[in-house]
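# Observations on the three-dimensional arrangement
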Amino acid sequence: MTAQPNRKKLARQAMTERARARRYAMQAVYQHLLVGDDFASIAAQVKVREAERDYDGFFFSDIIEGIAEYGDNFDTQLTPFLNRPLAQLDIVEHAILLVAAYELNHGGTPPKVAINEAIILAKKFGGDDSYKFVNGVLDNLQQSLVNNANAQPSPSQPHAS
């Protein structure tokens, strides 16, 4: 009789691989913001550097490609919830917020998970109180996204003329 894989262990491994991909994506965005390297070359560097590590490469690529394409839109979404101009934002915090904004907009990650993972990154890589700032900004962004989604007329509803 063959043993079935432990589902909890597999789920935990998948979460770890996604968390690692998220961290690599945050570091790639940080590098882009700091020195201006293009995302494609940064992603290639990460793939070479982390070739021996288990991480969700598809998730990593998805985040990087999404931020490369929509990063300015995410900055626009985040700006109303910042307590300082975007240009004065700590680069680590900015990178974390962009990764989380991508996840909140993309819909592939439950909002609570995306925000919690961003808080974990802020605790690990940010300043002493970065996690509080990141939490507040992302909570406000998530609420704004929910409110905007609720305000959109559904396709079956007639548009006001």
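Let me sum up the structure you'll find in this document.

## Digging into the overall build of the protein
Helix and strand counts for the protein come out as six helices and zero strands. The secondary structure elements of the protein, listed N-terminal to C-terminal, are α-α-α-α-α-α. Within the protein, the proportion of its 161 residues that are buried is 35%. A separation threshold of at least 6 residues defines the contact pool for the protein, and within that pool the share at least 24 residues apart is 68%. One finds the centroid of the 16 positive side-chain charges in the protein at a distance of 11 Å from the centroid of its 19 negative side-chain charges.

## Points about helix α3 (residues 57–78)
Taking 1.5 Å per residue as the helical rise, α3 with its 22 residues ought to reach 32 Å, whereas the 26 Å between its terminal C-alpha atoms falls clearly short. Among all positions of α3, only Phe59, Phe60, Ser61, Ile63, Ile64, Gly66, Ile67, Gly71, Phe74, Asp75 and Leu78 are buried. Structurally, α3 contributes buried residues whose contacts are with α1 (7–35), α2 (39–49), α4 (91–106) and α6 (130–151).

## Topic: the nonpolar core
Ranked by internal contacts, the top residues of the largest apolar core, which has 42 residues, are Val29, Phe60, Ile67, Leu78, Ile96, Leu97 and Leu138. Of all the elements in the fold, those that place two or more residues in this core are α1, α2, α3, α4, α5 (111–125) and α6. Counting residues per element, this core draws most heavily on α4, at ten residues. When sequence neighbours within four positions are dropped, the list of residues in contact with leucine 78 reads Leu97, Leu98, Ala101, Val137, Leu138 and Leu141.

## With respect to the packing of aromatic side chains
Under the definition given, this model contains three aromatic pairs. Between the aromatic rings of tyrosine 55 and phenylalanine 60, the centroid separation amounts to 6.1 Å while the plane-to-plane angle is 90 degrees, which identifies the pairing as edge-to-face. The buried category is assigned to tyrosine 55, whose relative accessible area is 16%. With a relative accessible area of 0%, phenylalanine 60 lands in the buried category. Taking the centre distance of 6.3 Å and the plane angle of 70 degrees together, the rings of phenylalanine 74 and tyrosine 102 count as edge-to-face.

## Describing the environment of glycine 57
Tracing the backbone shows glycine 57 in helix α3. Judged by its relative accessible area of 27%, glycine 57 falls in the partly exposed class. In this structure, the C-alpha to C-alpha distance between glycine 57 and arginine 20, residues 37 residues apart in sequence, is 9.6 Å.

Rules used in this analysis
- For every chain, the first residue of its written sequence is number 1, and the numbers climb from 1 along that sequence.
- Given that this is a predicted model, residues contribute local features only at a pLDDT of at least 70 and side-chain atom pairs are listed and counted only at 80 or more, while totals for whole chains, interfaces and linings are drawn from all residues.
- The side-chain values count all of the structure's non-hydrogen atoms but skip hydrogen atoms and water molecules.
- Helix and strand assignments follow DSSP, with helices taken as H or I runs no shorter than four residues and strands as E runs no shorter than two, numbered in order from the N terminus.
- A simple rule labels every residue: compare its accessible area, found with a 1.4 Å probe on the protein chains alone, to the largest value its type can have, and call it buried under 20%, exposed over 50%, or partly exposed in between.
- Whether two residues are in contact is decided by their heavy atoms: any pair within 4.5 Å suffices.
- By the counting rule applied here, Lys and Arg register as positive and Asp and Glu as negative, while His and the ends of each chain are not counted.
- Here the site of a charge means NZ on Lys, CZ on Arg, CG on Asp, or CD on Glu.
- Multiply 1.5 Å by the residue count of a helix minus one, and that product is the helix's expected span.
- For the purposes of this section, nonpolar cores are sets of buried Ala, Val, Leu, Ile, Met, Phe, Trp, Tyr and Cys residues that join through side-chain atoms within 4.5 Å.
- In summary, the pairing rule links any two rings of Phe, Tyr or Trp, Trp by its six-membered ring, whose centres are within 6.5 Å, and it sorts them by plane angle into stacked for under 30 degrees, edge-to-face for over 60 and tilted for everything else.

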